[in-house]
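In case you want the letters, here they are:
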Amino acid sequence: MTARGKKTVRDLRRGSRSTLLRRLYFDGPLSRQELGSITGLSGGSISNVTGELLADGLIEECGSVESDGGRPRILLRVAAGRAHLVGVDVGETQVRVALFDLARTELAASDRPLDDRGHDAGHVAELILAGLAEVLERTGTDPGTVLGVGVGVPGIVEQGVVGGGGVGRGAVERGIGSDLGGGAGAVVHGQTVGWDAVPLGRMLRAGTDLPLFVDNGAKTLGQAEMWFGAGRGARHAVVALFGSGVGACVIADGARFRGATSSAGEWGHTKVHVGGRRCRCGARGCLEAYVGAEALVARWGAAPSGGGEKAGLAALLAAAGAGDPAAVALLDEAAEYLGAAIADLVNLFNPERIVIGGWAGLLLGPRLLPGIRAAATEYALRFPREQTEIVLGTLGPAAVTVGAATLPLSDFLDSGGEFPRRAEADAVGTGVGATGAAATGAAATAGLRA
């Protein structure tokens, strides 16, 4: 039996594979010599591990560069087509399911609107499973190449019981499942959409045996922007999501801060007006009740009927651009509320960067950003504010979907490139019938099982 804390040869090998894969994924293409200088691994280790990764098809040669007086150096990169990722965004009006290769190229997407059942959990599970079946069928993707399905949801994700591919085999072996979402054991508390301890992981497991990763949508947005977007390079940051609601992902020393029960970042439900407007969560005076897209459109009251929040917000911006006094005043007030709330983030967390994302944040950002920055400067302590830049996200409105796909990607990189074991899809299929998801989901994905 291995002593606690003592690394085995397998652990060391996996660690070296993980180190090289991560470097090649985020910084490649790189030569073996560059990998050695960056990672500190010996030349022999670099040669052995890259040889393994090449044999496994996880990396590939992609040209060469001249060296000083010697033979050209061969460049290596991660093989984009070796595996696939699925990202899911459970949004305000639709469920988006997208299939990516390892280079984050979107190969197919399925956008399925919520019907009059809204965020009924069974309905949402049906849409996720049907979208998953659609993107795999359209692309002819072998499910055996899919590293997992990441799902971004509105609400707090409780880890639950790990099982059936829950948080990923590499994470379980390393004892660090808490940062990867609850997977098949995920239970979601979404107060604003009426979800009270919804066993979403178990509901999805009834229809697919692919590994599952479930996390809060703002946290998946945060991971995407930190890895590939406006947050890259920062060690201390906050990524804010603005849609119908408001959320945030707090990054402390390079890691997502989750809190005791994974609910850290519910910034939209901090109070900006004691006894103020009623929020969707039931409380009064929440930030979301003043600057969320739903609240802004409702407060304006002049949006075209039947157009939805996006059309309403676009009409609000157009009216303000045309000089409508009510629209201008509302957006100016929203910028001040946001700036004051961002000042609270500056004072509490001392981030070096605050990134504003989400579809509503990106739509409003170009107009509101100067006012947000000015208000943050007015309300924050001077010294930490001077160290904080406030910027817009760069990954677009689909960043939650991309971020959800990074959940299985992270596990894959941590494991050194091990492909996941498929779960027994029917093992936890009981207890789902009351939601109506089991039969529909299983039928929608009948062709996915090995």
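Everything below is about the structure shown above.
No experiment lies behind these values; they were computed from the predicted model shown.

1. Details of the overall build of the protein
Item 1. A count of helical and extended segments in the protein gives 15 helices and 16 strands.
Item 2. The burial tally for the protein puts 52% of its 450 residues in the buried class.
Item 3. Considering only residue pairs separated by 6 or more positions, the protein has 65% of its internal contacts joining residues 24 or more positions apart.
Item 4. With an accessible surface of roughly 18800 Å², the protein has 52% of that area assigned to carbon and sulfur atoms.

2. Considering empty space enclosed by the protein
Item 1. Per the counting criterion, the structure on display carries 2 cavities of 30 Å³ or more.
Item 2. By volume, the largest cavity amounts to about 70 Å³.
Item 3. As for the largest cavity, its lining consists of Phe-242, Val-291, Leu-296, Ala-334, Leu-338, Ile-356, Ala-360, Gly-361, Leu-364, Gly-365, Leu-368 and Ile-372.
Item 4. Breaking the lining of the largest cavity down by element, the ones donating at least two residues are helix H11 (325–349) and helix H12 (359–379).
Item 5. It is H12 that provides the largest number of residues to the lining of the largest cavity, a total of 6 residues.
Item 6. Tallied by class, the residues present in the lining of the largest cavity amount to 10 nonpolar, 2 polar and no charged.
Item 7. Its volume calculated, the second largest cavity comes out at about 40 Å³.
Item 8. In this structure, the second largest cavity is lined by Leu-85, Phe-100, Arg-104, Val-402, Ala-405, Thr-406 and Leu-409.
Item 9. Residue classes in the lining of the second largest cavity are distributed as 5 nonpolar, 1 polar and 1 charged.

3. Concerning helix H7 (residues 217–228)
Item 1. Along its 12 residues, H7 runs 16 Å from first to last C-alpha, staying within 8% of the 16 Å computed at 1.5 Å per residue.
Item 2. Taken across its 12 residues, H7 has 12 buried, putting it largely inside the fold.
Item 3. The set of residues buried in H7 consists of Gly-217, Ala-218, Lys-219, Thr-220, Leu-221, Gly-222, Gln-223, Ala-224, Glu-225, Met-226, Trp-227 and Phe-228.
Item 4. Its side-chain oxygen placed 2.9 Å from the backbone nitrogen of Ala-218, Asn-216 serves as the N-cap of H7.

4. Looking at the nonpolar core
Item 1. Ranked by size, the top nonpolar core spans 47 residues in total, and within it Phe-242, Trp-267, Val-291, Leu-313, Leu-316, Ile-342 and Leu-368 carry the most contacts.
Item 2. When residues of this core are traced back to their parent elements, those giving at least two are strand E12 (237–242), strand E13 (246–252), helix H8 (288–291), helix H9 (293–300), helix H10 (308–321), H11, strand E15 (353–357) and H12.
Item 3. With 12 residues, H11 is the largest single contributor of residues to this core.
Item 4. Beyond its immediate stretch of four places on either side in the chain, Leu-368 contacts Leu-331, Ala-334, Ala-335 and Leu-338.
Item 5. Of all hydrophobic cores here, the second largest spans 33 residues; its members include Ala-125, Ile-128, Val-151 and Met-203.

5. Observations regarding the environment of Phe-349
Item 1. By secondary structure assignment, the location of Phe-349 is in helix H11.
Item 2. Phe-349 sits in the partly exposed class, given a relative accessible area of 36%.
Item 3. Sequence separation between Phe-349 and His-236 is 113 residues; the distance between their C-alpha atoms is 8.2 Å.

6. Here's the deal with the pattern of salt bridges
Item 1. What the rule picks out here adds up to 21 salt bridges.
Item 2. We note a salt bridge from Glu-106 to Arg-96, for which the minimum N-O separation is 2.9 Å. Taken together, the residues Glu-106 in strand E6 (residues 106–113) and Arg-96 in strand E5 (residues 94–101) connect sequence positions 10 residues apart.
Item 3. Its relative accessible area of 40% is what places Glu-106 among the partly exposed residues.
Item 4. In this structure, Arg-353 engages Glu-389 in a salt bridge whose closest nitrogen and oxygen atoms are separated by 2.7 Å. Highlighted residues: Arg-353 in strand E15 and Glu-389 in strand E16 (residues 389–392), separated in sequence by 36 residues.

7. Side note on the layout of surface pockets
Item 1. Roughly 920 Å³ of volume is contained in the largest pocket.
Item 2. Forming the boundary of the largest pocket are 45 residues, of which Val-90, Glu-92, Pro-154, Leu-241 and Gly-245 lie nearest the centre.
Item 3. Residues of the lining of the largest pocket, tallied by class, amount to 16 nonpolar, 19 polar and 10 charged.

8. Section: H11
Item 1. Between its first and last C-alpha atoms H11 spans 36 Å; for 25 residues at 1.5 Å apiece the expected length is 36 Å, and the two agree.
Item 2. Two or three places before Ala-326, at the opening of H11, Asp-324 has a side-chain oxygen 3.2 Å from that residue's backbone nitrogen.
Item 3. Immediately downstream of H11, the backbone of Asn-350 shows phi near 50°, a positive value.

Conventions adopted
- Residues numbered from 1 in each chain as written.
- Predicted model: local features only at pLDDT ≥ 70, side-chain atom pairs only at ≥ 80, totals over all residues.
- Heavy atoms only, no water.
- Helix = DSSP H or I, 4+ residues; strand = E, 2+ residues; numbered from the N terminus.
- Buried < 20%, exposed > 50% of the residue type's maximum accessible area, 1.4 Å probe, protein only.
- Contact = heavy atoms within 4.5 Å.
- Areas by Shrake-Rupley, 256 points an atom, 1.4 Å probe, with all protein chains shown as cover.
- 1 Å grid on protein atoms, 1.4 Å probe; cavity = no way out; pocket = protein on both sides within 12 Å on 5 of 7 lines; lining within 4 Å.
- Points joined across faces, edges and corners; volume = space filled by probe spheres on them.
- Nonpolar A, V, L, I, M, F, W, Y, C, P; charged D, E, K, R; others polar.
- Expected span 1.5 Å × (residues − 1).
- Polar contact = N/O pair within 3.5 Å; in protein donor to acceptor, adjacent residues only side chain to side chain.
- Core = buried A, V, L, I, M, F, W, Y, C linked by side-chain atoms within 4.5 Å.
- Salt bridge = Lys/Arg side-chain N within 4 Å of Asp/Glu carboxyl O.

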